[in-house]
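Here are the chains, one letter per residue:
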Amino acid sequence: MATPDFIRTLRASAGNQLLWLPGVTAVVFDDEGRVLLGRRSDTLQWAVIGGIPDPGEQPAVCAVREVQEETAVDCVVERVVLVQALEPVRYANGDVCQYMDITFRCRAVGGEARVNDDESLEVGWFAVDALPELNQFALLRIKQALADAPTWFDTMGSQ
């Protein structure tokens, strides 16, 4: 994942200490009910599309931007499906981040799915009953995006 310039600026003074950051995830479906996934260049794993909003950028706008930047697919946000504070992540360079993820259900409205930047090795549409191996993060978000249910919140609290 490319590090946004504003985070590089923060890191210049904060060092590797924990940064609390917003994050968005877009679970995008096409008219056939397939879900859009990208195989990440950093982990080599298939994943839902996501990223970090720029300062002042609305989360839904960020979701649409990230999908377009990473996959060349145009989409519209339909609803918030999940809000969750994630566990801290330590990166190989020692940086520590913790994300507040907002996951959106999105609908594809145009574009042709393809690798559109250096964050993905592959991009593709998958039937929900024929998904590649995914981590629990992605599986929960797809499940919630498919559910006709209120927005999911973690009420257990990890802190």
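Let us look at the structure shown here. Computed from a prediction, not measured in an experiment: that's the story for all the values here.

What to know about the pattern of salt bridges
- Under the counting rule described, the total for this entry stands at 13 salt bridges.
- Between Asp5 and Arg8 there is a salt bridge whose closest N-O contact spans 3.9 Å. A residue pair is termed a helical-turn pair when its members lie 3 or 4 positions apart in one helix, as Asp5 and Arg8 do in helix α1 (residues 5-14) at three residues. This pair shows no difference in class: Asp5 is exposed, exactly as Arg8 is.
- Of the charged contacts in the structure, one is a salt bridge between Asp95 and Arg11, with a shortest N-O distance of 3.4 Å.

What about the side chain of Arg141?
- For Arg141, the location among the structural elements is in helix α3 (residues 136-146).
- The class for Arg141 is buried, based on a relative accessible area of 1%.
- A distance of 3.2 Å separates a polar side-chain atom of Arg141 from the backbone oxygen of Phe137.
- Beyond its immediate sequence surroundings of up to four residues, Arg141 is in contact with Thr25, Val27, Leu82, Gln84, Leu86, Asp101 and Thr103.

Some points on the packing of aromatic side chains
- Scanning the entire structure with this criterion turns up one aromatic pair.
- Relative to Phe126, the ring of Trp46 lies with its centre 4.9 Å away and its plane at 75 degrees, an arrangement referred to as edge-to-face. Taken as a pair, Trp46 in strand β3 (residues 46-47) and Phe126 in strand β8 (residues 120-126) lie far apart in primary sequence, 80 residues in all.
- Its relative accessible area of 15% is what places Trp46 among the buried residues.
- Sitting over the ring of Phe137, Arg141 keeps its end group 3.6 Å from the ring centre.

Concerning helix α2 (residues 59-71)
- The end-to-end C-alpha distance of α2, which contains 13 residues, comes to 18 Å, matching closely the 18 Å that a straight helix rising 1.5 Å per residue would cover.
- Those residues of α2 that fall on the buried side of the exposure criterion are Cys62, Ala63, Arg65, Glu66, Val67, Glu70 and Thr71.
- Those residues of α2 that are buried are in contact with β1 (19-29), β2 (35-40), β4 (49-51), β5 (73-85), β7 (96-111) and β8.
- A positive phi of about 65 degrees marks Ala72, the residue just after α2.

Focus on the pairing of β2
- Looking at chain direction, β2 and β8 are connected through six bridges and run antiparallel. Opposite Arg40, over in β8, you have Ser120 as the bridge partner.
- Here two bridges tie β2 to β3, and the two strands are oriented antiparallel to one another. Residue Arg39 lies in a different strand from β3, and its bridge partner there is Trp46.
- With antiparallel pairing between neighbouring strands as the criterion, β2 and β3 make up a hairpin whose turn holds five residues, including Leu44 at a positive phi of roughly 65 degrees.

Here's the deal with the environment of Trp152
- Residue position: Trp152 is located in strand β9 (residues 152-153).
- A relative accessible area of 25% means that Trp152 is categorised as partly exposed.
- Separated by 69 residues in sequence, Trp152 and Val83 have C-alpha atoms that sit 6.4 Å apart.
- Residues within four places of Trp152 in sequence aside, it is in contact with Val81, Leu82, Val83, Gln84, Leu140 and Gln144.

Observations regarding unusual backbone geometry
- Even without a glycine there, the phi angle at Leu44 is positive, about 65 degrees.
- Along the chain, the position of Leu44 falls in the loop between β2 and β3.
- Positive phi, normally seen in glycine, also occurs at Ala72, with a value near 65 degrees.
- Here Ala72 is to be found in the loop between α2 and β5.
- Exposure remark for Ala72: the relative accessible area of 6% places this residue in the buried category.

Basis of the calculations
Along each chain, residues carry numbers from 1 onward, in the same order as the chain's sequence is written. Reporting in this predicted model follows two pLDDT cut-offs: at least 70 for local features of residues, and 80 or more for side-chain atom pairs to be given and counted; totals over whole chains, interfaces and linings ignore these cut-offs and use all residues. Side-chain measures were taken over the full set of non-hydrogen atoms in the model, leaving aside hydrogen atoms and water. Any carboxyl oxygen of Asp or Glu that lies within 4 Å of a side-chain nitrogen of Lys or Arg is treated as forming a salt bridge with it. The numbering of helices and of strands both runs from the N terminus, where a helix is a DSSP run of H or I of at least 4 residues and a strand a run of E of at least 2. Note on classification: 1.4 Å probe, protein chains only; a residue is buried when its accessible area is under 20% of the maximum for its type, exposed when over 50%, partly exposed between these limits. In the analysis that follows, any N or O atom pair within 3.5 Å is treated as a polar contact, provided that within protein one partner can donate a hydrogen and the other can accept it, and provided that, for residues neighboring in sequence, both atoms belong to side chains. Note on contacts: a residue pair is in contact if any heavy atoms of the two residues lie within 4.5 Å. To pair, rings of Phe, Tyr and Trp, with the six-membered ring standing in for Trp, must have centres within 6.5 Å; the planes then decide the type, stacked if under 30 degrees apart, edge-to-face if over 60, and tilted in the middle. Each ring is checked for a lysine NZ or an arginine CZ that lies within 6 Å of its centre and within 35 degrees of its normal; such an atom marks a charge sitting over the ring. One less than the residue count of a helix, multiplied by 1.5 Å, gives the span that helix is expected to have. When DSSP finds at least two bridges between two strands, those strands are taken to pair.

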